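# Survey of secondary and tertiary structure
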Amino acid sequence: AGAVPGAARVVAGTSELDGVACSGATACWAVGQDASSRGVVVGINGGTVGEAQVVAGTELLTSAACGGVAACESVGYNAAGEGVVVAVANGVPGPARVVPGTFELDGIACADAVSCEAVGSNSANRGVVVAIVNGIPGAAHVVAAAEVLDGVACPDASTCRGVGFSASRPQRGLVVSTGAGNPGMARIVPGTSTLRGVACRSAADCEAVGSSSSPVSSAGRVVPVAEGTPGAAQAIPASRDTRFPPPGETALRGVACVRSAPVCAAVGAGDDHSDSSLRGVLATVTTPVAFSCGTIVTGSHAGTLVVRAGSTCLTSARLTGSVSVEPGAVLHVTSSTITGSITAHAPGGVRLCRAHVGRSVSVSGATGPVVVGDPGRGSCAGNWIGGSLRLSNNTHGVQARGNHLNGYSAAGP
């Protein structure tokens, strides 16, 4: 809750759990393996963990996805090294369906109760894509440029984005767009060695995560994917965005996004160099947000500016006074000076880029994105703030980086 992990619970009858999916607000299903190397499904209802159910004909279930309340699917492989698909209806796993031409299936996503897509590899070490319709897997389609496809996201029934790593050397992460199980051209992402997870806010806006190819900087990598085209790989920011531990050697393995919202959460493993052990990593990922300008303020102005409704942009302006943003209103400040403070309670959004604020900045309860400097991903230069920076109870994405503070920072969600 609020990016704070709860307590770990041991699940009897399992040796590992590799994937999870939720079919409703309280009903989820985890998949993995038991001590006898058999795939298992575990129901989680309202936080109560059920018994592990063994799925005959499977060795490991690696991933799960739900397209409806009673329509879930899981994938993995059997003891013969063949990929399998297992439908889970109302928490009860069905028979394992072998997918010819696959060695293992590592990821699955469902656009709705009918259409899902799985990804993995074949015995020739090439990536594969498999469409699943009403629980029945189709033929495996080979992605020759990929050695393995690890993750997939399907924002709608006709569009999926798969991620993995290349068959060529040096190894690089890649993105491939698919539809109905038919893959398009794989796109290599420089600066990455693997991409293992992907999630989408919409068909046009996805985020992929993985690890770096740099021998110097081994921080996890985040790659924006717009309309199927990957952008530049970005390192995890070495700030409050990463927890447990601070970024050292890091690999991100999974990501989830809120649909049509700017915020995502990524998970993986990291080493903070304090000892030789790995620890879990949780990182927030915020996409750049476009702010429209209903009212534009430029030049010199004196007195307090009250933004009562709509969106107001201060562009190359100098305000001798303070700014107050009322509930629902949006403020965008760029390349401007405000001698007083900025206060916003329950605004529709706030964005400050290359601003000089003489006193404090306080944003609370925002119902839209809050960006106070984002020089990397958002091309929003940091700010100079003469007092404190207070960001609290903002639930629709927060980014605050590259700022110079004369006071103290209480930057939170």
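Keep in mind it's a predicted model, so treat the numbers as computed, not measured.

### Let's talk about the nonpolar core
Of all hydrophobic cores here, the largest spans 27 residues; its most connected members are Val-323, Leu-331, Ile-342, Val-361, Val-363, Val-372 and Leu-391. Top element by residues in this core is strand E28 (residues 311–320). It accounts for three residues. Contact partners of Ile-342, with chain neighbours within four places excluded, come to Val-323, Leu-331, Leu-352, Val-357, Ser-360, Val-361 and Ser-362. Core analysis: the next-biggest nonpolar cluster, separate from the first, contains 13 residues, Val-41, Leu-61, Ala-64 and Val-86 among them.

### As for empty space enclosed by the protein
Going through the model one piece at a time under the given rule, you end up with three cavities of 30 Å³ or more. In this structure, the second largest cavity occupies an estimated 40 Å³ of space. As for the second largest cavity, its lining consists of Ala-21, Trp-29, Val-31, Val-41, Ala-64, Ala-65, Cys-66, Cys-72, Glu-73 and Val-88. At the level of elements, strand E2 (27–33), strand E5 (60–66) and strand E6 (72–77) are the ones that each hand at least two residues to the lining of the second largest cavity. For the lining of the second largest cavity, the leading source of residues is E5, giving three residues. For the lining of the second largest cavity, the class distribution of residues is nine nonpolar, no polar and one charged.

### A closer look at the side chain of Ser-121
Counting through the fold element by element, Ser-121 comes out in strand E10 (residues 115–121). Leave out the neighbours within four places in its chain, and Ser-121 touches Thr-102, Phe-103, Glu-104, Asp-106, Arg-126, Gly-127, Val-128, Glu-147 and Val-148.

### Notes on the confidence of the model for the protein chain
Confidence in the prediction for the protein chain averages 86 pLDDT; 85% of positions are at 70 or higher. The model gives residues 238–248 a pLDDT under 50, and that stretch makes 38 contacts with residues more than four places away or in other chains.

### Regarding the sheet that holds strand E3 (residues 39–45)
Sheet architecture is open: four strands sit in the order E1-E2-E3-E4, paired in antiparallel fashion. Each edge of the sheet is formed by a strand with only one pairing partner; in this case those strands are strand E1 (16–22) and strand E4 (48–54). In this sheet, adjacent strand axes meet at a mean angle of 25° when their direction is disregarded. As paired elements, E1 and E2 share six bridges and run antiparallel to each other.

### Points about unusual backbone geometry
The linkage connecting Arg-169 with the following residue, Pro-170, adopts the cis geometry, with an omega of 5°. On the secondary structure map, Pro-170 appears in the loop between strand E14 (159–166) and strand E15 (173–179). Not every positive phi belongs to a glycine, and Asn-134 is a case in point at roughly 55°. Its location among the elements puts Asn-134 in the loop between strand E11 (127–133) and strand E12 (136–143). Taking the relative accessible area as the measure of exposure, Asn-134 reaches 55% and is therefore exposed.

### Description of the pairing of E15
For E15, a buried count of five out of seven residues is recorded, marking the element as mostly surrounded by other parts of the structure. Note that E14 and E15 share six bridges and pair antiparallel. Directly across from Gly-164, in E15, lies its bridge partner Leu-174. Between the end of E14 and the start of E15, which pair antiparallel, lie six residues. Pairing geometry for E15 and strand E16 (residues 182–189), over six bridges, is antiparallel. For Thr-178, the partnering residue across the bridge sits in E16 and is Pro-183. Count of turn residues in the E15/E16 antiparallel hairpin: two residues, of which Ala-180 carries a positive phi of about 55°.

### Concerning the state of the cysteines
Across all of its chains, the model carries seven disulfides by this definition. Disulfide partner of Cys-154: Cys-160, at an S-S distance of 2.0 Å. Taking the sign of the S-S torsion, about 105° here, the bridge from Cys-154 to Cys-160 comes out right-handed. According to the relative accessible area criterion, Cys-154 is buried, its value standing at 12%. Here Cys-160 falls in the buried class, since its relative accessible area comes to 5%. Between the sulfur of Cys-200 and that of Cys-206 lies a disulfide, 2.0 Å long from S to S. On the S-S bond that ties Cys-200 to Cys-206, the torsion sits near 95°, and the link is right-handed. Across the pair, exposure class does not vary: Cys-200 and Cys-206 are buried alike.

### Some points on the sheet that holds strand E8 (residues 92–98)
With respect to topology, four strands assemble into an open sheet ordered E5-E6-E7-E8, the strand pairing being antiparallel. A strand with exactly one partner marks an edge of an open sheet, and here the two such strands are E5 and E8. Here the average twist between neighbouring strands, direction ignored, is 25°. Pairing analysis gives six bridges linking E5 to E6, with the strands arranged antiparallel. Bridging across to E6, Leu-60 finds its partner in Tyr-77.

What counts and what doesn't
- Residues numbered from 1 in each chain as written.
- Predicted model: local features only at pLDDT ≥ 70, side-chain atom pairs only at ≥ 80, totals over all residues.
- Heavy atoms only, no water.
- Core = buried A, V, L, I, M, F, W, Y, C linked by side-chain atoms within 4.5 Å.
- Buried < 20%, exposed > 50% of the residue type's maximum accessible area, 1.4 Å probe, protein only.
- Helix = DSSP H or I, 4+ residues; strand = E, 2+ residues; numbered from the N terminus.
- Contact = heavy atoms within 4.5 Å.
- 1 Å grid on protein atoms, 1.4 Å probe; cavity = no way out; pocket = protein on both sides within 12 Å on 5 of 7 lines; lining within 4 Å.
- Points joined across faces, edges and corners; volume = space filled by probe spheres on them.
- Nonpolar A, V, L, I, M, F, W, Y, C, P; charged D, E, K, R; others polar.
- pLDDT = per-residue confidence, 0-100.
- Pairing = 2+ DSSP bridges.
- Axes fitted to C-alpha atoms, helices over the stretch in contact; angles between N-to-C directions.
- Disulfide = S-S within 2.5 Å.

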